[in-house]
Each structure stands twice: as C-alpha cells, then as structure tokens.
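Given next are the chains, with one letter for each unit.
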Amino acid sequence: MSEKRVFSRPQTLKDAPFHFCPGCHHGIAHRMVAEAIDKFNLREKTIGVASVGCSVFLYDYFDVDVIEAPHGRAAAVATGVKRARKDRIVFSYQGDGDLASIGIAETVHTANRGENITIIFINNTVYGMTGGQLAPTTLLGQKTTTSPYGRDFMQDGYPIRMTEILATLEGTAFAARVAFTTPKNINMAKKAIEKAFQFQKEEMGFTFVEVLSACPTNWGLNAIDSMKRVEEEMIPYFPLGIFKERKAADVL
Amino acid sequence: MARIEIHQTLCKGCALCTTLCPEELIKIGKQINENGYFYAVFTDNGACKGCALCAKICPDVAIEVWK
C-alpha cells in the first residue's frame, strides 16, 4: 500500500516562512485564500491587493501578482484594477485598522457600487503591526496601548460590526463572518472563502468575508488562550454566519 | 495507517495543533529550531488516522499529512 499526501501547502502559497507571530491566524487565512484560488484554478489570472498592516507582505507569500495599496485604500485600488482588467479575479486582504477605520468610506462605497471584487477582512480587534492601539472593532472594556483602562463607549464608541453594515447594501452579493476556533468553524470558513471567489468568478457582485482572528502578541496571551478569547469574547459580539447571499446576478 | 510530517523550521511552537489532535500524538518538544522556537513533535505509534485537523489549524502551514 503506497502512501498518498492528503494535505500539503497549496500551490498558490510560496514556499516562504510567514513573518507572523506564533499563533496568529493570518497564516490560516492566507492558506484558505490560496486554496480557494487553487480550487478554481485562478492562479494565472488573480491580482491581489495588499493593505497596510500585518497583511502588507502578501506579495511575499502568494504566487500571484500583488499591488500594494495606500493605507485603507485597498478597496479603491481593487476597484481600479478590476475596471481596467475585467477578466481578472481581484481580491484585497485587509485588517481592521485598515478597512474599518481609515478605509471605511472606500469599503462602504465599493460595496454599494457592487464592484465585482472580493475583500477578505481580518478582524483581530486591535491594530496589530503598529503596536496594539485601539481599533474601531476593539471590544468594550478591552485594554489596548491607547485605551489602558479599557474601551469606554462614552469616549470611543462601540465596536463596529462591518459584515452587518455591508450586508445591508444592495451591491453586496455575499457577506459572511467566520472564525477558526473549532474544526466546524474552520470548515465553514473554508466554504465561505471559496464561495466568495466563486461568486466573483460568476460576476455576482461584491463579496466580503470577515475573519475573526487572534492577535496573541497584542492581547498579551498565548496562542491557545487567544483562541479561547475569540471563542468566548469575540463570537458573542461578532456572531458567525452568512449575512447575505445573493441568489442570482442583478440584471438591470 | 497515516502519519504527519512537521516541518521543524516552519513551526513556531504555538501549540494549537496539540489542542486539536484527537489521539494526542503531538507535543511541544524540548529541542529548539533555528529560529529559537520549541517546535512540535509527532509520536508515530500507529494511532494517527490522518484527520488533518492539526494541519488545518496550523497557522504556519508546517504540517503535511500522509495517508
């Protein structure tokens, strides 16, 4: 009986070690995006748009063309790329400091215009790369370097639920929130990311997948406790699931 | 009969794989790799079923599964 390799690094992921901290979920998200690209055989025609943040080194890891966008403007850059090259699959990969803070206008309008692109949004409730400052998605009471007494809604407002906001817009074809906490959630995440790329391939409209991610370094926890925090603190506030799924492309 | 292969140099010792293995075959070892991390080691006692849960949770794509 000969052995068969049943799980290995996807082809679209280059053979380079990730720079992420131990236990960071970016690596899992990277792998799933690469697997989705492999599944639909899109490697030769995919263009990625990297944002500012920990996801900035997308071009080091993905074996596709990647453009680096100014802070928060990945959705706007992706719009330009898609309009110039309609035959290409365009995805942007953004963190919460990038997408939900400085880039919220670009993101909301891109969704509202129904641009046929995919956004993978990594929500770890904190600015990761810059040193753990308060992000729009930081949970109430969460201590960060700029909210040392915990987030207070009187001063900083409430955490933003991006998927729900974008799901209300007509242009959005698919909006889902996923996490990697349990095997069930991991399988759900894989299906959601694949569906987002499938929708884009079928020109259904704007697709958005929010991934709840751990940031062990800035939360001051180890990898296993960070996973528990996602499960126990983040999922109750940011519920998982598919919030919008269009059945057929809009015909006007 | 299945087995996994952990790439020592890619492993950062986060130990997420050790929490998911149903047979508890993965442990964090006592050796450090070239990056200074205590990497995960696999005990091949024939109990591995190749479910690939460890590989699916690995943030560094350091695990390959053979079946």
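Just so you know, these numbers come straight off a predicted model, no measurement behind them.

## Brief notes about the overall build of chain B
Part 1 of the argument: Summing up its helical and strand segments, chain B has two helices and four strands in all.
Part 2 of the argument: Taken from the N to the C terminus, the helices and strands of chain B come in the order β-α-β-β-α-β.
Part 3 of the argument: Here chain B has a C-alpha radius of gyration of 11 Å; the compact-globule value for 67 residues is 11 Å, and the two agree.
Part 4 of the argument: When the 67 residues of chain B are sorted by exposure, 40% land in the buried category.
Part 5 of the argument: Within chain B, counting contacts between residues at least 6 apart in sequence, those at least 24 apart form 67% of the total.

## Quick notes on the overall build of chain A
Part 1 of the argument: When helices and strands are tallied, chain A shows 10 helices and eight strands.
Part 2 of the argument: A compact globule built from 252 residues should have a C-alpha radius of gyration of about 18 Å, and chain A, at 17 Å, falls within 12% of that.
Part 3 of the argument: Its C-alpha atoms give chain A principal-axis dimensions of roughly 55 × 50 × 30 Å.
Part 4 of the argument: Counting the 252 residues in chain A, one finds 51% classified as buried.
Part 5 of the argument: Pairs at least 24 apart in sequence give 68% of the contacts found in chain A among residues at least 6 apart.

## Points about helix H8 (residues 183-201) of chain A
The α-helix advances 3.6 residues per turn, and as a result positions three or four apart in sequence lie on the same side.
Residues and elements named next belong to chain A.
Part 1 of the argument: Taking 1.5 Å per residue, 19 residues should reach 27 Å; H8 reaches 27 Å between its end C-alpha atoms and fits that length.
Part 2 of the argument: Ala189, Ala192, Ile193, Lys195, Ala196, Phe197, Phe199 and Gln200 are the residues of H8 that are buried.
Part 3 of the argument: Packed against the buried residues of H8 are helix H1 (26-39), strand E4 (89-95), strand E5 (118-123), strand E6 (172-179), strand E7 (206-212) and strand E8 (241-245).
Part 4 of the argument: Glu203 lies just past H8 and shows a positive phi near 55 degrees.

## Overview of unusual backbone geometry
All names here are of chain B.
Part 1 of the argument: Although it is not a glycine, Ala15 adopts a positive phi angle of roughly 75 degrees.
Part 2 of the argument: With respect to the helices and strands, the residue Ala15 is situated in the loop between strand E1 (3-6) and helix H1 (16-20).
Part 3 of the argument: By C-beta crowding, Ala15 is classed as partly exposed, having 18 other C-beta atoms within 10 Å.
Part 4 of the argument: You will see that Glu24, though not glycine, has its phi angle at about 50 degrees, which is positive.

## So, the environment of Ile160 of chain A
Residue and element names in this part refer to chain A.
Part 1 of the argument: Here Ile160 lies in the loop between helix H6 (153-156) and helix H7 (162-167).
Part 2 of the argument: For the pair formed by Ile160 and Asn124, sequence separation is 36 residues and the distance between their alpha carbons is 12 Å.
Part 3 of the argument: Setting aside residues no more than four positions away along its own chain, Ile160 makes contact with Ala100, Pro136 and Thr137.

## Comments concerning the interface of chain B and chain A
Part 1 of the argument: Counting residues at the interface gives 23 residues for chain B, matched by 24 residues for chain A.
Part 2 of the argument: Counting residues per element, the ones that place at least two in the side of chain B that touches chain A are H1, helix H2 (53-57) and strand E4 (63-66) of chain B.
Part 3 of the argument: Here the residues of the side of chain B that touches chain A sort into 14 nonpolar, four polar and five charged.
Part 4 of the argument: Bridge analysis of strand E1 (residues 5-7) of chain A against E4 of chain B gives two bridges, and the strand direction is antiparallel. Bridging across to E4 of chain B, Arg5 of chain A finds its partner in Trp66 of chain B.

## Some remarks on the confidence of the model for chain A
Part 1 of the argument: Averaged over chain A, the pLDDT score is 94; the fraction of residues at 70 or greater is 98%.
Part 2 of the argument: Confidence, read as mean pLDDT per element, is least for E1 of chain A in chain A (91) and greatest for helix H3 (residues 74-84) of chain A (97).

## Looking at the sheet that holds strand E3 (residues 65-68) of chain A
Residue and element names in this part refer to chain A.
Part 1 of the argument: Read across the sheet, seven strands follow the order E3-E2-E4-E5-E7-E6-E8 without closing on themselves; strand pairing throughout is mixed. Unpaired on one side and paired on the other, E3 and E8 mark the two borders of the sheet. The sheet shows a mean angle of 15 degrees between the axes of neighbouring strands, taken without regard to direction.
Part 2 of the argument: Relative to E7, E5 runs parallel, the two sharing six bridges. The residue bridging Thr118 from the neighbouring strand is Thr207, located in E7.
Part 3 of the argument: H3 contacts strand E2 (46-50), E3, E4 and E5 of the sheet and is inclined by roughly 175 degrees relative to E4.

Calculation notes
Residues numbered from 1 in each chain as written. Chains lettered and ligands numbered in written order. Predicted model: local features only at pLDDT ≥ 70, side-chain atom pairs only at ≥ 80, totals over all residues. Helix = DSSP H or I, 4+ residues; strand = E, 2+ residues; numbered from the N terminus. Rg over C-alpha atoms; globule rule 2.2 N^0.38 Å. Buried ≥ 20, exposed ≤ 12 C-beta atoms within 10 Å, placed from the backbone. Contact = placed C-beta atoms within 7 Å. Expected span 1.5 Å × (residues − 1). Nonpolar A, V, L, I, M, F, W, Y, C, P; charged D, E, K, R; others polar. Pairing = 2+ DSSP bridges. pLDDT = per-residue confidence, 0-100. Axes fitted to C-alpha atoms, helices over the stretch in contact; angles between N-to-C directions.

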